[in-house]
Amino acid sequence: MKIHYLTGICAVFFVAIHILFRLVMPFGQSLEYENVVANYHNVYYVILLELILIFISIHGFNGLRVILLELKQDSWWESTMTILVLAAMIGVIAYGTRTIIIGSGL
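About the thresholds
- Residues numbered from 1 in each chain as written.
- Predicted model: local features only at pLDDT ≥ 70, side-chain atom pairs only at ≥ 80, totals over all residues.
- Heavy atoms only, no water.
- Helix = DSSP H or I, 4+ residues; strand = E, 2+ residues; numbered from the N terminus.
- Rg over C-alpha atoms; globule rule 2.2 N^0.38 Å.
- Buried < 20%, exposed > 50% of the residue type's maximum accessible area, 1.4 Å probe, protein only.
- Phe/Tyr/Trp six-rings, centres within 6.5 Å; stacked < 30°, edge-to-face > 60°.
- Axes fitted to C-alpha atoms, helices over the stretch in contact; angles between N-to-C directions.
- Parallel < 35°, antiparallel > 145°, perpendicular 65-115°, else oblique.
- Left-handed = near helix turned anticlockwise from the far one by under 90°.
- Salt bridge = Lys/Arg side-chain N within 4 Å of Asp/Glu carboxyl O.
- Patch = residues over 30% accessible without salt bridge, like charges linked within 9 Å, V, L, I, M, F, W, Y side chains within 5 Å.
- Areas by Shrake-Rupley, 256 points an atom, 1.4 Å probe, with all protein chains shown as cover.

1. Considering the overall build of the protein
- Per the secondary structure count, the protein includes 5 helices and 0 strands.
- Along the protein, from the amino end to the carboxyl end, the secondary structure elements read α-α-α-α-α.
- Relative to a compact globule of 106 residues, whose C-alpha radius of gyration would be 13 Å, the protein shows 17 Å and is clearly more extended.
- Across its three principal axes, the protein shows a C-alpha extent of roughly 50 × 25 × 20 Å.
- Among the 106 residues that make up the protein, the fraction classed as buried is 31%.

2. Topic: the packing of aromatic side chains
- For the structure on display, the rule yields 3 aromatic pairs.
- Centroid distance Phe13 to Phe14: 5.2 Å. Interplanar angle 70 degrees. Geometry classified as edge-to-face.
- Judged by relative accessible area, which is 49%, Phe13 ranks as partly exposed.
- For Phe14, a relative accessible area of 15% gives the class buried.
- Put simply, the rings of Phe13, Phe14 and Phe55 pair up and form one aromatic cluster.

3. Some details on the packing of helix α4 (residues 43-71) against helix α5 (residues 75-104)
- Contact pair α4 / α5: the axes reach a minimum separation of 9 Å and the direction vectors enclose 160 degrees. Between α4 and α5, the angle falls in the class roughly antiparallel. As α4 runs across α5, the sense of the crossing is right-handed.

4. Describing the pattern of salt bridges
- Tallying each qualifying case throughout the model produces 1 salt bridge.
- Close ionic contact of Glu78 with Arg65 constitutes a salt bridge, the shortest N to O distance being 3.9 Å. Of this pair, Glu78 sits in helix α5 while Arg65 sits in helix α4, placing them 13 residues apart in sequence.
- Taking relative accessible area as the criterion, Glu78 reaches 39% and is therefore assigned partly exposed.

5. A few points about a nonpolar patch on the surface
- The grouping of Ile19, Leu20 and Leu23 at the surface amounts to a nonpolar patch, some 320 Å² of accessible area in total.
- As for its placement among the helices and strands, Ile19 is situated in helix α1 (residues 2-22).
- Here Ile19 falls in the partly exposed class, since its relative accessible area comes to 45%.

These results come straight from atomic positions and should not be treated as a statement about function.
This is the structure in structure tokens:
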């Protein structure tokens, strides 16, 4: 549960910073295509997006794992759910990282 609490706190912190990035200019203007693409060329913003992706993925998939472990309680089920949830989490993070890399033009 410590992982769940830590990732939750970190996710709230980094999402708050993300919202502050959005408040630099009017909301409608911040969603224009040119401004969104410009954000992806800002190294700090790309790092922020990656941190949000990682912390929210870990938090969400860990929560899913806890819910699944409540359904049935034996060692085979626990190890199977842990492996499946970890695989799904790694897949989501990899795909999200790919999207961030493509968006930033690296």
